[in-house]
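# Per-entry structural report
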Amino acid sequence: MCKSNLKLNITGNNELQISYEIDGSKLEQVIFPYVSEKKYTVGRKTDCDLFLNDTNISRVHMTISCSHNSWYIEDGFEGKASSNGIWMFIQEPIEIENGMKIKLVKSTLEFEYN
């Protein structure tokens, strides 16, 4: 069973930098530029914007979006919730706050603002 740790950092120019490791192996950093109304997908489907090779993660587990100079997180994609949910169990997009931690099965996401 895989375990992922993701550190998400929102920079001064409002980019979302994601650095993560799976089972202790550090992987390259991913950067999501701020594009108003853009939705980035996170899941085990290979065409997700952030692919997590973990069988416990849903194909599209969650969506990270940007709007009105803020970043938001939502379970699933396009109104369809993920099979395994996120620990906060949210159905509407919520604004990402500094220090927020979210659990995806055995994976943890932690958000920080610079």
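Higher on the page you've got the structure.
Residues numbered from 1 in each chain as written. Predicted model: local features only at pLDDT ≥ 70, side-chain atom pairs only at ≥ 80, totals over all residues. Heavy atoms only, no water.

## A closer look at unusual backbone geometry
The phi dihedral of histidine 68 falls on the positive side, at around 55 degrees, and the residue is not glycine. Mapped onto the secondary structure, histidine 68 falls in the loop between β7 (62-67) and β8 (70-75). One non-glycine residue, asparagine 69, adopts positive backbone phi at about 65 degrees. By the secondary structure assignment, asparagine 69 is in the loop between β7 and β8. (Helix = DSSP H or I, 4+ residues; strand = E, 2+ residues; numbered from the N terminus.)

## What to know about the nonpolar core
Residues Leu16, Ile18, Phe32, Leu50, Ile64, Trp71 and Phe111 are the most contacted members of the largest nonpolar core, which totals 23 residues. Every element with two or more residues in this core is listed here: β1 (4-10), β2 (16-22), β4 (30-32), β5 (39-43), β7, β8, β10 (101-104) and β11 (107-113). Residues within four places of phenylalanine 32 in sequence aside, it is in contact with Glu15, Leu16, Ile18, Tyr40, Asp49, Leu50 and Trp71. (Core = buried A, V, L, I, M, F, W, Y, C linked by side-chain atoms within 4.5 Å. Buried < 20%, exposed > 50% of the residue type's maximum accessible area, 1.4 Å probe, protein only. Contact = heavy atoms within 4.5 Å.)

## What about the packing of aromatic side chains?
A complete count under the given rule lists three aromatic pairs for this structure. Both rings, one in phenylalanine 32 and one in tyrosine 40, keep their centres 4.1 Å apart while their planes meet at 5 degrees; by these two values the pair is stacked. We classify phenylalanine 32 as buried; its relative accessible area is 3%. Judged by its relative accessible area of 5%, tyrosine 40 falls in the buried class. Seen from the ring of tyrosine 40, lysine 38 lies directly overhead, with NZ or CZ sitting 5.1 Å from the centre. (Phe/Tyr/Trp six-rings, centres within 6.5 Å; stacked < 30°, edge-to-face > 60°. Lys NZ or Arg CZ within 6 Å of the ring centre and 35° of its normal.)

## Things to note about the layout of surface pockets
Roughly 240 Å³ of internal volume is contained in the largest pocket. If you go around the largest pocket, the residues you meet are Arg44, Lys45, Ser58, Arg59, Val60, Phe77, Lys80, Ala81, Ser82 and Ser83. (1 Å grid on protein atoms, 1.4 Å probe; cavity = no way out; pocket = protein on both sides within 12 Å on 5 of 7 lines; lining within 4 Å. Points joined across faces, edges and corners; volume = space filled by probe spheres on them.)

## A short note on the sheet that holds β7
To summarise the sheet geometry, strands pair through backbone hydrogen bonds and adopt either a parallel or an antiparallel arrangement. The five strands are arranged β6-β5-β7-β8-β9 in an open sheet whose pairing can be described as mixed. Two strands close off the open sheet at either side, each with one partner strand: β6 (50-51) and β9 (94-95). (Pairing = 2+ DSSP bridges.)

Interpretation in functional terms is not warranted from these geometric data alone.
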